[in-house]
Amino acid sequence: MLKKERYQEFVKYFSTHSPDAQTELNYSNPFELLVAVILSAQCTDKRINQVTPALFERFPDALSLAASDSDEVFTYIRSVSYPNNKAKHLVGMAQKLITEFDGIVPEKVEELVKLPGVGRKTANVISSVVYNNPAMAVDTHVFRVSNRLGLTSRATTPLAVEKQLVKYLPKETIAIAHHWLILHGRYICLARRPKCEECPITYFCQYFEKNYKAKQIKD
């Protein structure tokens, strides 16, 4: 199957079966999503959703968070991965949000990455989820699944994966395709033991074609 056909099948399947895919992080405004995404680095959304209610109650906006310090923030996020660094990043992010962006979460990736704790992946999440821009955030799930499906080829870095996905996906699907790939990687296309026997899209999956069809022929 040609790459173009794989993209067509990918969009066709998920737009039909998962037209409303969205982040599993709980939030009620752009500021809360930004905080949650920063915290979610190398941590599960489930854990972040357990931590953020109390955190958001204490720090409902950038102003309150900017007025705090990393020691206090740490007490709310001690159970997440790398809590010390993330506490410092959150306070620094809030302070810069106040001084440079009037407390408003910016829309452009180039502005978002200026905030402490915000890399390109986080910036793309905010740009796509909050502002519905055609931005593709590449985390471990997106990286793995896009490669296995055959949507990317010889893409060895997150940026290379991002560029290929943005190039071949229809512009209007880029923002939601990020969620399609993440959710498929989280529940079906697992890193160590992908659930190929349960997967509904093996008919256009390059990984399945190489590892299962070849085995069936050999057997």
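Above this text is the structure in question.
A brief report on the enclosed structure follows. (Residues numbered from 1 in each chain as written. Predicted model: local features only at pLDDT ≥ 70, side-chain atom pairs only at ≥ 80, totals over all residues. Heavy atoms only, no water.)

**So, unusual backbone geometry**
Part 1 of the argument: One non-glycine residue, Tyr 82, adopts positive backbone phi at about 50 degrees.
Part 2 of the argument: Locating Tyr 82 in the fold gives a position in the loop between helix H5 (70–77) and helix H6 (83–101).
Part 3 of the argument: We note that Asn 132 has phi near 55 degrees; this positive angle belongs to a residue other than glycine.
Part 4 of the argument: Along the chain, Asn 132 falls in the loop between helix H8 (120–129) and helix H9 (140–149).
Part 5 of the argument: Judged by relative accessible area, which is 62%, Asn 132 ranks as exposed. (Helix = DSSP H or I, 4+ residues; strand = E, 2+ residues; numbered from the N terminus. Buried < 20%, exposed > 50% of the residue type's maximum accessible area, 1.4 Å probe, protein only.)

**Quick notes on the packing of helix H1 (residues 3–17) against helix H11 (residues 174–187)**
Part 1 of the argument: Remark: H1 packs on H11, axes separated minimally by 11 Å, with the N-to-C direction vectors making an angle of 85 degrees. The angle between H1 and H11 places the two elements in the roughly perpendicular class. The segment H1 lies against H11, with Phe 10, Val 11, Phe 14 and Ser 15 engaging Ala 177, Trp 180, Leu 181 and His 184.
Part 2 of the argument: Counted by class, the contact of H1 with H11 contains six nonpolar, two polar and no charged residues. (Axes fitted to C-alpha atoms, helices over the stretch in contact; angles between N-to-C directions. Parallel < 35°, antiparallel > 145°, perpendicular 65-115°, else oblique. Contact = heavy atoms within 4.5 Å. Nonpolar A, V, L, I, M, F, W, Y, C, P; charged D, E, K, R; others polar.)

**Re the packing of aromatic side chains**
Part 1 of the argument: As enumerated under the stated definition, the model contains seven aromatic pairs in all.
Part 2 of the argument: An angle of 75 degrees between the planes, with centres 5.7 Å apart, marks the rings of Phe 10 and Trp 180 as edge-to-face. Of the two residues, Phe 10 is situated in helix H1 and Trp 180 in helix H11; the sequence distance between them amounts to 170 residues.
Part 3 of the argument: We classify Phe 10 as buried; its relative accessible area is 1%.
Part 4 of the argument: In this structure Trp 180 comes out as buried when scored by relative accessible area, which is 3%.
Part 5 of the argument: Seen in terms of ring centroids, Tyr 13 and Phe 14 are 5.1 Å apart; in terms of plane orientation they differ by 85 degrees. Their pairing is edge-to-face. Just as Tyr 13 is buried, Phe 14 falls in that class too.
Part 6 of the argument: Taken together, the ring pairs in this structure connect Phe 10, Tyr 13, Phe 14 and Trp 180 into an aromatic cluster.
Part 7 of the argument: Sitting over the ring of Tyr 207, Arg 148 keeps its end group 4.9 Å from the ring centre. (Phe/Tyr/Trp six-rings, centres within 6.5 Å; stacked < 30°, edge-to-face > 60°. Lys NZ or Arg CZ within 6 Å of the ring centre and 35° of its normal.)

**Remarks on the side chain of His 178**
Part 1 of the argument: Looking at where His 178 falls in the secondary structure, it is placed in helix H11.
Part 2 of the argument: For His 178, the contacting residues outside a window of four places in its chain are Val 125, Met 136, Ala 137 and Val 142.

**Looking at the environment of Thr 122**
Part 1 of the argument: Summarising the element assignment, Thr 122 is placed in helix H8.
Part 2 of the argument: By relative accessible area, which is 7% here, Thr 122 ends up buried.
Part 3 of the argument: Taking C-alpha positions, Thr 122 is 6.8 Å from Ile 38, a pair spaced 84 residues apart along the chain.
Part 4 of the argument: Excluding anything up to four places from it in sequence, Thr 122 contacts Leu 34, Val 37, Ile 38 and Gly 117.

**Quick look at the layout of surface pockets**
Leftover empty space is mapped by rolling, across the atoms, a probe with the size of a water molecule.
Part 1 of the argument: Counted as a void, the largest pocket has a volume near 490 Å³.
Part 2 of the argument: Around the largest pocket, the lining comprises 23 residues; the ones closest to its centre are Ser 40, Asp 45, Lys 121, Asp 139 and Arg 186.
Part 3 of the argument: The set of elements that each furnish at least two residues to the lining of the largest pocket consists of helix H2 (30–40), helix H3 (45–58), H8, H9 and H11.
Part 4 of the argument: If one sorts the elements of the lining of the largest pocket by residue count, H11 sits on top with five residues.
Part 5 of the argument: Among the residues making up the lining of the largest pocket, the classes are represented as eight nonpolar, nine polar and six charged.
Part 6 of the argument: Along the walls of the second largest pocket sit Val 37, Ile 38, Ala 41, Tyr 82, Asn 85, Lys 86, His 89, Gly 117, Gly 119, Arg 120, Lys 121 and Thr 122, which together make up its complete lining. (1 Å grid on protein atoms, 1.4 Å probe; cavity = no way out; pocket = protein on both sides within 12 Å on 5 of 7 lines; lining within 4 Å. Points joined across faces, edges and corners; volume = space filled by probe spheres on them.)

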